[in-house]
Amino acid sequence: MDFKELIKVRRSHRKYSDVQIEPEHVEMILRAALMSPSSKSKRNWQFVVIDDKAAIEKLADCKDAGAAFITNAPMAIAVLGNALDNDCWIEDGSIAAVSMQYQAEELGLGSCWIQIRNRGLSDGTTADEVVKGILAIPEEYQVLCIVAFGYKSEERKPQNEEALKWENVHINQF
């Protein structure tokens, strides 16, 4: 499928089948992340691949809302950065995460971004702290997001091109 079609059909999926993702697909998803653009070509993001069901279930409770669906995913990838090494770690990690999502879509997999940075629990614990504890992430790294992956258990309609907000596009001046 060409990119024009890929960008139209990629949607967030929160329900997955129980089928495990083939190692070669995991490698292709990681390849997309590792080849993604980064500021000054630093490529200093870090990725933690999670396929352990117990760890995935713990991650579902890392914040008050928006992560519970991860329990359905056979795999997830945490995207990390170190603000001391890279002032663009958020941007670089975001580009890598989206690159993984488009690669997953091309492979017939669904995916969904779970925001971790600036999220947390009602008791004041940050989602970053919870995820670091579960995945043994060193203190100097911050968790931007976790992307859940799996074979889609339901289909979604492609993006509606008639709903595109062209009024948000400005040429030369706002």
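Shown above is the structure to which this text applies.
These lines cover the structure that appears in this document, whether it is placed above or below. Because the structure is a prediction, the values reported are computed rather than measured. Throughout, residues of each chain are indexed from 1 in the direction in which the sequence is written. Totals for whole chains, interfaces and linings use all residues, but because this is a predicted model, local features are given only for residues with pLDDT of at least 70 and pairs of side-chain atoms are given and counted only at 80 or more. Calculation of side-chain values draws on the structure's entire complement of heavy atoms; hydrogens and water are dropped beforehand.

**Brief notes about the packing of helix α2 (residues 23-34) against helix α4 (residues 89-106)**
Thought 1: For helices, the axis comes from a line fit to the C-alpha atoms of the stretch in contact; other axes are also lines fit to C-alpha atoms, and the angle between any two N-to-C directions lies between 0 and 180 degrees. What counts as a helix is a DSSP run of H or I of at least four residues, what counts as a strand is a run of E of at least two, and both are numbered from the N terminus. Orientation of α2 relative to α4, taken along the N-to-C sense of each, is 145 degrees, at an axis distance of 8 Å. For the crossing formed where α2 meets α4, the hand is right-handed. Across from Met28, Ile29, Ala32 and Ala33 in α2, the residues of α4 making contact are Ala96, Ser99, Met100, Gln103 and Ala104.
Thought 2: Under the scheme applied here, ten amino acids are nonpolar (Ala, Val, Leu, Ile, Met, Phe, Trp, Tyr, Cys and Pro), four are charged (Asp, Glu, Lys and Arg), and all others, including Gly, are polar. For the contact of α2 with α4, a count of residues per class yields seven nonpolar, two polar and no charged. Should the near helix be turned anticlockwise from the far one by less than a right angle, the crossing is termed left-handed; should it be turned clockwise, right-handed. Residues count as neighbours in contact if any of their non-hydrogen atoms are within 4.5 Å of one another.

**Section: the nonpolar core**
Thought 1: Ile50, Ile70, Ile116, Val131 and Ile146 are the most contacted members of the largest nonpolar core, which totals 26 residues.
Thought 2: For this core, the elements supplying multiple residues, two or more each, are α3 (53-59), β2 (75-81), β3 (109-115), α5 (127-135) and β4 (142-151).
Thought 3: The element best represented in this core is α5, accounting for four residues.
Thought 4: In this view, isoleucine 116 contacts Cys62, Ala127, Asp128, Val131, Val143, Leu144, Cys145 and Ile146; residues no more than four positions away in its chain are not counted.
Thought 5: Within this scheme, the nonpolar core is defined by two criteria: the residues are buried Ala, Val, Leu, Ile, Met, Phe, Trp, Tyr or Cys, and they are joined through side-chain atoms within 4.5 Å. Burial here depends on accessible area, computed with a 1.4 Å probe over protein chains only, as a share of the maximum for the residue type. Under 20% is buried, over 50% is exposed, and the range in between is partly exposed. Formed by 21 residues, the second largest nonpolar core is a distinct cluster that contains Met75, Ala97, Met100 and Leu107.

**Observations concerning the sheet that holds β4**
Thought 1: Pairing between two strands is assigned when DSSP locates at least 2 bridges connecting them. In spatial order, the strands read β1-β2-β4-β3; together these four strands make up an open sheet with antiparallel pairing. If you trace the sheet from one side to the other, it starts and ends with β1 (46-50) and β3, each paired once. Strand after strand, the sheet turns through a mean of 20 degrees between neighbouring axes, direction not considered.
Thought 2: Taken strand by strand, α2 contacts β1, β2, β3 and β4, and its axis lies near 160 degrees from that of β1.
Thought 3: Set on the sheet, α4 makes contact with β1, β2, β3 and β4; between it and β4 the angle comes to about 0 degrees.

**Observations concerning the side chain of glutamine 103**
Thought 1: By the element assignment, glutamine 103 lies in helix α4.
Thought 2: The class of glutamine 103 is buried, set by a relative accessible area of 13%.
Thought 3: By the criterion applied in these results, polar contacts are pairs of N or O atoms within 3.5 Å in which, for protein atoms, one can donate a hydrogen and the other can accept it, and in which residues neighboring in sequence qualify only through two side-chain atoms. A distance of 2.8 Å separates polar atoms of two side chains, one belonging to glutamine 103 and the other to glutamate 106.
Thought 4: When sequence neighbours within four positions are dropped, the list of residues in contact with glutamine 103 reads Met28, Ile29 and Ala32.

**As for the packing of aromatic side chains**
Thought 1: The aromatic pairing rule takes the rings of Phe, Tyr and Trp, using the six-membered ring of Trp, and pairs them if the centres are within 6.5 Å, calling planes under 30 degrees apart stacked, those over 60 edge-to-face and the rest tilted. Following the criterion strictly, the structure yields two aromatic pairs and no others.
Thought 2: Considering the side-chain rings of tryptophan 45 and phenylalanine 47, the 5.4 Å spacing of their centres and the 40 degrees angle between planes classify their relative orientation as tilted. Each member of the pair, tryptophan 45 together with phenylalanine 47, is buried.
Thought 3: Of note, arginine 14 hangs over the ring of phenylalanine 69, and the distance from its end group to the ring centre comes to 5.7 Å. Criterion for a charge above a ring: Lys NZ or Arg CZ within 6 Å of the ring centre, and within 35 degrees of the ring normal.

**A closer look at the environment of glycine 120**
Thought 1: Checked against the element boundaries, glycine 120 lands in the loop between β3 and α5.
Thought 2: A relative accessible area of 24% places glycine 120 in the partly exposed class.
Thought 3: Sequence spacing of glycine 120 and alanine 65 is 55 residues, and the spatial spacing of their C-alpha atoms is 8.6 Å.
Thought 4: Excluding anything up to four places from it in sequence, glycine 120 contacts Lys63, Asp64, Thr125, Thr126 and Ala127.

**What about a nonpolar patch on the surface?**
Thought 1: A cluster of nonpolar residues, Leu164, Trp166, Val169 and Ile171, forms a patch on the protein surface that exposes about 470 Å² of accessible area.
Thought 2: Positionally, isoleucine 171 belongs in the segment after β4. By definition, no residue in a patch forms a salt bridge, and every one has over 30% relative accessible area; like charges are joined within 9 Å, nonpolar side chains (Val, Leu, Ile, Met, Phe, Trp, Tyr) within 5 Å. Only the protein chains shown count as cover for residues, and the accessible areas themselves come from Shrake-Rupley with a 1.4 Å probe. For this analysis, a salt bridge means a side-chain nitrogen from Lys or Arg found within 4 Å of a carboxyl oxygen belonging to Asp or Glu.

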